[in-house]
Amino acid sequence: MELAEIAARAAGENFPVGSVLFPRSLRPHIRALYCYARLVDELGDAYEGDRLAALDELEREVDAAFAGEAAWPVLRNVQPTIREFDLPREPFLRLIEANRMDQWVSAYGTWAELQHYCVHSADPCGRLVLGVLRRLDDPELVAASDSVCTGLQLVNFLQDLPRDLALGRIYLPREDRERFGVTELDRPSGELTQLLQFEAERARGLLVRGQVLQSRIGGRVGRAVGLFARGGLAALDALEAARWDIFTQRPRPSRARLALAAFAR
C-alpha cells in the first residue's frame, strides 16, 4: 500500500500523531512509525488475499529495512528512523505477531489473556516512541508506556465493538461478560452498558500512568507523550457523554477537546 493511503487512514485516531508538541525534527519519525503500525493492522484486518502470507512478507520487509534495503513505501519511509535511533527489531515484529494472532484467535477468556495480546498489539507502539526519544533504557518509563498503550487499546476495543464483531472478533474477556450477564454484544442492553463502564474504568486505571511519562520526561516533549494518554481519557469521556451508544456512532473526542488536552498541565 502507498504511504499516502496509509497516512490518510491514520487520520481519525484519538490523538494527533506527530503532535506539534514534539520537536519538529522528531515529528516525521513519529509519523513514520505510526504509518508502519497502521500498515500492519491493514494487512491483518482488511487485506483481501492470504493475510498470513502477507504478514510473512511484511516480516521479510522489516528484515530488509533493518538492512537498509526495504522495497515497500511504508518500510522505506521508516528505514531512516530505524537507522538514526538504532531502534530494536522486536517491537516491529510483535505488531506483526499480534495480527497473526487475529487470524486464529476470535475471543479471549480472561483479562490476562487479553493483556498478553496487548503486549503484542499495543505496547510496541509506545516503546518505539520511547526509542525515538532515546529513553528506551528506562524501565519505569517503559512500564508506564506499556500501561498507557494497553489502556489505549482497551479504549479502541470499546469504541470498535460493532466493527470487531463484524470481523468475527470479541475483545471483551469472557469472564467479564459472564460477570455482568452479557449474552449479546450486537445490540444495546443494560448489561452491556455495565460491562462497557467496567472496562472503561479499567482503561482509566491504565491511562493515568501517562502522568508518569509526562512528569519524568518533562517539558513540551513530556506533554506530547502525555497527550497519548489524555487522548484516551478524552475518548472515554466521549463514550460516557454518548451514554455508551456505540451502535449508531463511534463516540470520540472533538478536535477542540484534544487541543485542550494537548496543553493541559
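As a reminder, the structure under discussion sits directly above these lines.
Predicted, not measured: the structure shown is a model, and the values here were computed from it. (Residues numbered from 1 in each chain as written. Predicted model: local features only at pLDDT ≥ 70, side-chain atom pairs only at ≥ 80, totals over all residues. Heavy atoms only, no water.)

Novice: So what about the pattern of salt bridges? Which residues, and what values?
Specialist: Inspection of the entire model under this criterion finds 24 salt bridges. One salt bridge connects Arg202 with Asp176, and the closest N-O pair in it is separated by 2.9 Å. With Arg202 in helix 11 (residues 190-207) and Asp176 in helix 10 (residues 174-179), the pair connects residues that are 26 residues apart, well separated along the chain. Asp176 shares its class with Arg202; the two are buried. A salt bridge links Arg204 to Glu201, with the shortest nitrogen-to-oxygen separation between them at 3.3 Å. A residue pair is termed a helical-turn pair when its members lie 3 or 4 positions apart in one helix, as Arg204 and Glu201 do in helix 11 at three residues. Connected through shared salt-bridge partners, Asp45, Asp102, Arg163, Asp164 and Arg169 make up one network. (Salt bridge = Lys/Arg side-chain N within 4 Å of Asp/Glu carboxyl O. Helix = DSSP H or I, 4+ residues; strand = E, 2+ residues; numbered from the N terminus. Buried < 20%, exposed > 50% of the residue type's maximum accessible area, 1.4 Å probe, protein only.)

Novice: I'd love a proper account of the packing of helix 6 (residues 111-121) against helix 8 (residues 139-159), names of residues and values included.
Specialist: At a minimum axis separation of 10 Å, helix 6 and helix 8 run at an interaxial angle of 110 degrees. Relative to helix 8, the element helix 6 is oriented roughly perpendicular. When helix 6 is examined against helix 8, the residues Trp111, Leu114, Tyr117, Cys118 and Ser121 are found in contact with a partner set consisting of Thr150, Gln153, Leu154 and Phe157. Its residues placed into classes, the contact of helix 6 with helix 8 shows six nonpolar, three polar and no charged. (Axes fitted to C-alpha atoms, helices over the stretch in contact; angles between N-to-C directions. Parallel < 35°, antiparallel > 145°, perpendicular 65-115°, else oblique. Contact = heavy atoms within 4.5 Å. Nonpolar A, V, L, I, M, F, W, Y, C, P; charged D, E, K, R; others polar.)

Novice: Hey, could you go over the environment of Leu39 for me, with residue numbers and the actual values?
Specialist: Position of Leu39 relative to the elements: it lies in helix 2 (residues 27-45). Considering only alpha carbons, one finds Leu39 and Ile96, 57 residues apart in sequence, at a separation of 9.8 Å.

Novice: Give me the lowdown on unusual backbone geometry, citing residues and values where you can.
Specialist: Of note, the phi angle at Arg134 is positive, near 60 degrees, even though the residue is not glycine. Relative to the helices and strands, Arg134 is located in the loop between helix 7 (123-132) and helix 8. In this structure Arg134 comes out as exposed when scored by relative accessible area, which is 52%. Even without being glycine, Arg243 reaches a positive phi, approximately 60 degrees. Here Arg243 lies in the loop between helix 13 (219-241) and helix 14 (255-262). The class of Arg243 is exposed, set by a relative accessible area of 73%.

Novice: Would you mind going over helix 4 (residues 73-85) in detail, with residue names and values included?
Specialist: Gln79 marks the point of greatest bend in helix 4, at about 25 degrees, and the proline Pro80 comes within the next four residues. Within helix 4, burial applies to Val74, Leu75, Val78, Gln79, Thr81, Ile82 and Phe85. Positive backbone phi, approximately 50 degrees, marks Asp86, located one or two places after helix 4. (Bend = angle between axes of the 7 residues up to and from the residue.)

Novice: Explain the nonpolar core to me, and be specific about the residues and the numbers.
Specialist: Grouped together as the largest cluster of nonpolar side chains are 75 residues, with contacts concentrated most on Phe22, Tyr36, Leu75 and Phe92. The contacts of Phe92, once residues within four sequence positions are left out, are Leu33, Tyr36, Val62, Phe66, Val78, Ile82, Leu87 and Leu128. (Core = buried A, V, L, I, M, F, W, Y, C linked by side-chain atoms within 4.5 Å.)

Novice: Outline helix 2, supporting the account with residue identities and numerical values.
Specialist: In a regular helix each residue adds 1.5 Å, so 19 residues correspond to 27 Å; helix 2 covers 27 Å between its end C-alpha atoms and thus fits that length. Of all 19 residues making up helix 2, 16 are buried, and the element is well covered by its neighbours. (Expected span 1.5 Å × (residues − 1).)

Novice: Break down the packing of aromatic side chains for me, citing the residues and quoting the values.
Specialist: Scanning all chains against the criterion turns up eight aromatic pairs. Arranged with centres 6.2 Å apart and planes meeting at 20 degrees, the rings of Tyr108 and Tyr171 form a pair that is stacked. Of this pair, Tyr108 sits in the loop between helix 5 (90-104) and helix 6 while Tyr171 sits in the loop between helix 9 (161-166) and helix 10, placing them 63 residues apart in sequence. Just as Tyr108 is buried, Tyr171 falls in that class too. Aromatic side chains Phe180 and Phe198 sit 5.3 Å apart centroid to centroid with 50 degrees between the ring planes, which places their arrangement in the tilted category. Of this pair, Phe180 sits in the loop between helix 10 and helix 11 while Phe198 sits in helix 11, placing them 18 residues apart in sequence. The exposure class assigned to Phe198 is partly exposed, which follows from its relative accessible area of 21%. The structure contains a cluster of three or more aromatic residues connected by ring pairs, namely Tyr108, Tyr117, Phe157 and Tyr171. Note that Arg89 overlies the ring of Phe66, its terminal NZ or CZ placed 4.6 Å from the centroid. (Phe/Tyr/Trp six-rings, centres within 6.5 Å; stacked < 30°, edge-to-face > 60°. Lys NZ or Arg CZ within 6 Å of the ring centre and 35° of its normal.)

Novice: Account for the side chain of His120, with residues named and values stated.
Specialist: Mapped onto the fold, His120 is located in helix 6. According to the relative accessible area criterion, His120 is buried, its value standing at 14%. Those residues in contact with His120 that lie beyond four places of it in its chain are Arg94, Leu95, Glu97, Ala98 and Met101.

Novice: Outline the packing of helix 2 against helix 7, supporting the account with residue identities and numerical values.
Specialist: Following both chains from N to C, one finds helix 2 and helix 7 inclined at 160 degrees, their axes separated by 10 Å at the closest point. By the angle between their axes, helix 2 is roughly antiparallel relative to helix 7. In this structure, helix 2 crosses over helix 7, and the sense of that crossing is right-handed. Seen from helix 2, the contacting residues are His29, Ile30, Leu33 and Ala37; seen from helix 7, they are Cys125, Leu128, Val129 and Val132. Among the residues forming the contact of helix 2 with helix 7, the class breakdown is seven nonpolar, one polar and no charged. (Left-handed = near helix turned anticlockwise from the far one by under 90°.)

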